[in-house]
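# A look at the structure
Here are the chains, one letter per residue:
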Amino acid sequence: QVQLVESGGGLVQAGGSLKLSCTLSGRSIRDYTMAWFRQAPGKEREGISCINFSDGYTDYEDAVKDRFTISRDSAENTVYLQMNSLKPDDTAVYYCAADPRRRRCSREMIRYDYWGQGTQVTVSS
């Protein structure tokens with residue numbers, strides 16, 4: 001059984017940084033394309049970044065490009081999201097997700113079978 005556990009959320013001032021972690025248990029993360037999504041109050045969940053299972057190709061939503069970095073540590077079975085220059089608009093619950101079908105990464109929710117429980121990120125102005 002694949003499980004995803006996120007950590008690293010919290011309260012930070014605008015301009016600050018946070019690093020989210022998502023550890024996959026039950027299988028090797030090398031077999032999964034991984035992604036980060038977020039959902040702000042009253043808004044739909046949106047895909048903000050993903051990373052290929054194979055070659056490390058990454059993709060970002062325009063709103064976070066150049067501020068957020070997704071990475072993967074296969075030895076730790078963990079995917080990370082380094083978030084810099086945080087803005088109040090980044091306030092949301094952040095979720096990681098895993099696609100077991102060895103496909104090119106996508107930021108569409110329908111592509112992902114496994115989801116973490118979410119971690120709250122709050123950015124104060």
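Counting of residues starts from 1 at the beginning of each chain's written sequence and follows it residue by residue. Only residues with pLDDT of 70 or above have their local features reported here, since the model is predicted, and side-chain atom pairs are shown and tallied only from 80 upward, although totals for entire chains, interfaces and linings are computed over all residues. Excluding hydrogens and water, the side-chain values take into account all heavy atoms of the structure.

A few words now on the sheet that holds strand β7 (residues 68–73). Here four strands make up an open sheet; going across it, the order is β1-β3-β8-β7 and the pairing antiparallel. If you trace the sheet from one side to the other, it starts and ends with β1 (3–7) and β7, each paired once. Here the strands of the sheet are splayed against their neighbours by 15 degrees on average, with no regard to which way each runs. By the convention used here, strands pair only if DSSP detects at least 2 bridges between them. In this description a helix means any DSSP run of H or I spanning at least four residues, a strand means any run of E spanning at least two, and both kinds are numbered starting from the N terminus. Both strand β3 (residues 18–25) and strand β8 (residues 78–83) contribute to a ladder of six bridges, which runs antiparallel. Where helices are involved, their axes are fitted lines through C-alpha atoms of the stretch in contact, as for all axes, and angles between N-to-C directions lie from 0 to 180°.

Attention shifts here to the side chain of Ser49. The residue Ser49 is located in strand β5 (residues 46–51) in this model. Exposed residues in this analysis have more than 50% of their type's maximum accessible area, buried residues have under 20%, and partly exposed residues fall in between, with area computed by a 1.4 Å probe over protein chains only. Looking at Ser49, the relative accessible area reads 0%, which means it is buried. Whenever two N or O atoms come within 3.5 Å, that pair is a polar contact, provided that in protein one can donate a hydrogen and the other can accept it, and provided that, for residues adjacent in sequence, both atoms are side-chain atoms. Among the polar contacts made by the side chain of Ser49, one reaches the main-chain carbonyl oxygen of Asp59 at a distance of 3.1 Å. With near-sequence residues (within four places) excluded, Ser49 lies in contact with Met34, Ala35, Trp36, Asp59, Tyr60, Ile70, Leu81 and Arg107. Should any heavy atoms of two residues lie within 4.5 Å, those residues are considered in contact.

The next point concerns the nonpolar core. Core analysis: the largest hydrophobic core is formed by 28 residues, its most contacted members being Met34, Trp36, Leu81, Met83 and Tyr94. At the level of elements, β3, β4 (33–39), β5, β7, β8, β9 (92–99) and β11 (119–124) are the ones that each hand at least two residues to this core. Counting residues in hydrophobic clusters, the runner-up holds six residues, among them Ala35, Cys50, Ala97 and Cys105. Residues belong to one nonpolar core when they are buried, are Ala, Val, Leu, Ile, Met, Phe, Trp, Tyr or Cys, and are joined through side-chain atoms within 4.5 Å.

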